[in-house]
Amino acid sequence: MITVENLSYTVANTCILKDISVTLPKGGITALIGPNGAGKSSLFSHIARLLPLQTGRISVEGLEVSPSNRQALSRKLAILPQEVHFATRLTVKELVQFGRYPHCQGRLRSEDHAMVTAALEAFGLMSLADRFLDTLSGGQRHKAHVAMTYAQDTDYLLLDEPLNNLDIAASRALMALLRRLADEEGKTIVIVLHDINFAAQYADHLVVLKDGCIEREGKPAEMVTGALLADVFGTDAQVAVVDDTPFVMP
Amino acid sequence: MQRRVSTLLLAVGTLFLAAISLFVGVIDLHPGEIWQGGEAFTLMLDSRLPRTLAAVIAGAALAVCGMIMQMLVRNRFVEPMTAGTGQGAALGILIVAVVFPSASILTKMSIATATALASSIGFLMIVRRLPAAQPLLVPLVAMIYGGIIGAGVAFFAYQWDMLQFIDTWLTGDFSGVMRGRYELLWIAAGMTLLTYLIADQFAIAGLGREASINLGLNYDQVLILGLLAISVVAALTVITVGAIPFVGLIVPNIVSRQFGDNLRATLPLTALCGASLVLASDIVGRVIRAPYEIPVGTVLGVIGAFVFLWLLYARPSHAR
């Protein structure tokens, strides 16, 4: 369970987040959605401790999100930021091995090696293990980064718009994999999504932001309606229902 | 596997070059004479051995520091000696020479390290404001930044009538290395060994701030430790032999292309590569117009320019 209490965030006199208090449930996939500039990524960055807290408190299962807990947090919460571009040359395997750093501080034990192998296998990267990242396609590189967060073996996985730059097949494969991690391994996944249809299809819980406030939250089937699109996104799109899942007509 | 073989080959190569360095010079020396004692033994102990050790240490330390700086700045085209750290150290030495001329060598070293650190931090602050999409801006800014500090050093040296000293600091040269005048470099060697202990943290810092925070690293602390190590090495090198350019630039680039950036595995290779490059350049400088010498800084300037052009145009190797 991730608890956010009274979080405000101001940049140059502009209020990005306004006194947000929200509880993200343990287990399942929680998606943060909202129009551009609603504060999704800011909220994400605060939970991911990429931005220092100005006001308010955030805790992950009672563990306070603050610099003094950085090592404990890195074993509890893995993050995949929006754009990962590395200037360094690492092989896929070396990158995934760095995911074990919070557990072994670089001295890999046999269980760390086992976890690295498991991550490479889970993402179908075995044949690419010794390739340098800069020689891979964008999709493969992205997969390697997700594999690294997977190897970190945390209860919580935070992803900021992971579907950017992925084609439909890669997007669906990634979401299906996250679904499996949530269902089979009991991980809690918090994900910032642009595409409401992906959120409706794969998430268990939606948190809708608008103008720096939590507008509403709840189950996708109840949340994704024409009214939401009109009120929050300001567009009069139609919503169809396919197999009990709402579907926004583009 | 290939990394291990390469490390071994480079180690043998470095030893070979070191052996040559011991026996090349104005006075002819044969291996057999040393053990008979006398003049040959003294020459070896007072001049040739210190000179060779100084070249090995300076080369290895500067190459490793170049690699670390490239990780911290996240740019392949910077190195301490041209990005203000070396010039900062020279500024510190100048200040000591003018303000506290009778200061101990330790004070001299501390002040030079402090000014080197200050100018490195200044460089990092400027680089952080540059657009990430334009990596070539970084080396340009580095050159201008280093140039400005260097010009400041020259200006004050001129004002205080110390211009003749500048050359000894800003042009690396091993010809003055003798027993009793290079030992400070061992501190640089120790510093370089210490950086190896946190090689993983530098490699992760190279992945960026977000990845570092994700993995529970104290990112700011890693930055400061890295800059401190770079500043100590730069200051000690400038004090003892003068600035040696390009080693910190081309060696990390070559190693990274061939073996990647997993620093724990590649730092030993980087050190050996740097040591052999500086040794070889010093030998060339001694041989090419013997009995006179060309400073190692000049030799490396020429070699470095060509190797760097080659690096810019050659394609990196794709797999191990």
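Residues numbered from 1 in each chain as written. Chains lettered and ligands numbered in written order. Predicted model: local features only at pLDDT ≥ 70, side-chain atom pairs only at ≥ 80, totals over all residues. Heavy atoms only, no water.

Points about the domain arrangement of chain A
Residues and elements named next belong to chain A.
Thought 1: Domain annotation of chain A identifies domain 1 (1-76 + 154-218) and domain 2 (83-153).
Thought 2: Using C-alpha coordinates to define each centre, domain 1 is positioned 23 Å away from domain 2.
Thought 3: Each partner contributes to the interface: domain 1 provides 13 residues, whereas domain 2 provides twelve residues.
Thought 4: For the interface between domain 1 and domain 2, the tally reads one salt bridge.
Thought 5: Close ionic contact of Lys187 with Asp153 constitutes a salt bridge, the shortest N to O distance being 3.3 Å.
Thought 6: Where domain 1 meets domain 2, there are six residue pairs in polar contact (both at pLDDT 80 or more).
Thought 7: Of all the secondary structure elements, the ones that give two or more residues to the side of domain 1 that touches domain 2 are α2 (70-74) and α7 (168-185).
Thought 8: The class makeup of the residues in the side of domain 1 that touches domain 2 is six nonpolar, three polar and four charged. (Domains from an automatic or database assignment. Contact = heavy atoms within 4.5 Å. Salt bridge = Lys/Arg side-chain N within 4 Å of Asp/Glu carboxyl O. Polar contact = N/O pair within 3.5 Å; in protein donor to acceptor, adjacent residues only side chain to side chain. Helix = DSSP H or I, 4+ residues; strand = E, 2+ residues; numbered from the N terminus. Nonpolar A, V, L, I, M, F, W, Y, C, P; charged D, E, K, R; others polar.)

Focus on the pairing of strand β6 (residues 77-80) of chain A
Residues and elements named next belong to chain A.
Thought 1: Residues Leu77 and Ile79 of β6 are buried on one face, and the alternating residues Ala78 and Leu80, pointing to the opposite face, are buried as well.
Thought 2: In the sheet, β6 pairs with strand β7 (residues 156-160) via four bridges, with the strands oriented parallel. Counterpart to Leu80 in the pairing with β7 is Leu159. (Buried < 20%, exposed > 50% of the residue type's maximum accessible area, 1.4 Å probe, protein only. Pairing = 2+ DSSP bridges.)

Focus: the interface of chain B and chain A
It is common to report an interface's size as the accessible area lost on association of the parts.
Thought 1: On the side of chain A, 34 residues touch chain B, which itself brings 31 residues to the contact.
Thought 2: Buried surface at the junction of chain B and chain A, summed over both partners, amounts to about 2,700 Å²; 54% is from carbon and sulfur atoms.
Thought 3: Counting the surface chain B buries against chain A, the share from its top three residues, B:Leu207, B:Asn214 and B:Leu215, is 23%.
Thought 4: Elements supplying a minimum of two residues to the side of chain B that touches chain A: α9 (199-205), α10 (209-214) and α12 (247-259) of chain B.
Thought 5: Considered class by class, the residues forming the side of chain B that touches chain A number twelve nonpolar, ten polar and nine charged. (Buried area = accessible area lost by both parts, 1.4 Å probe.)

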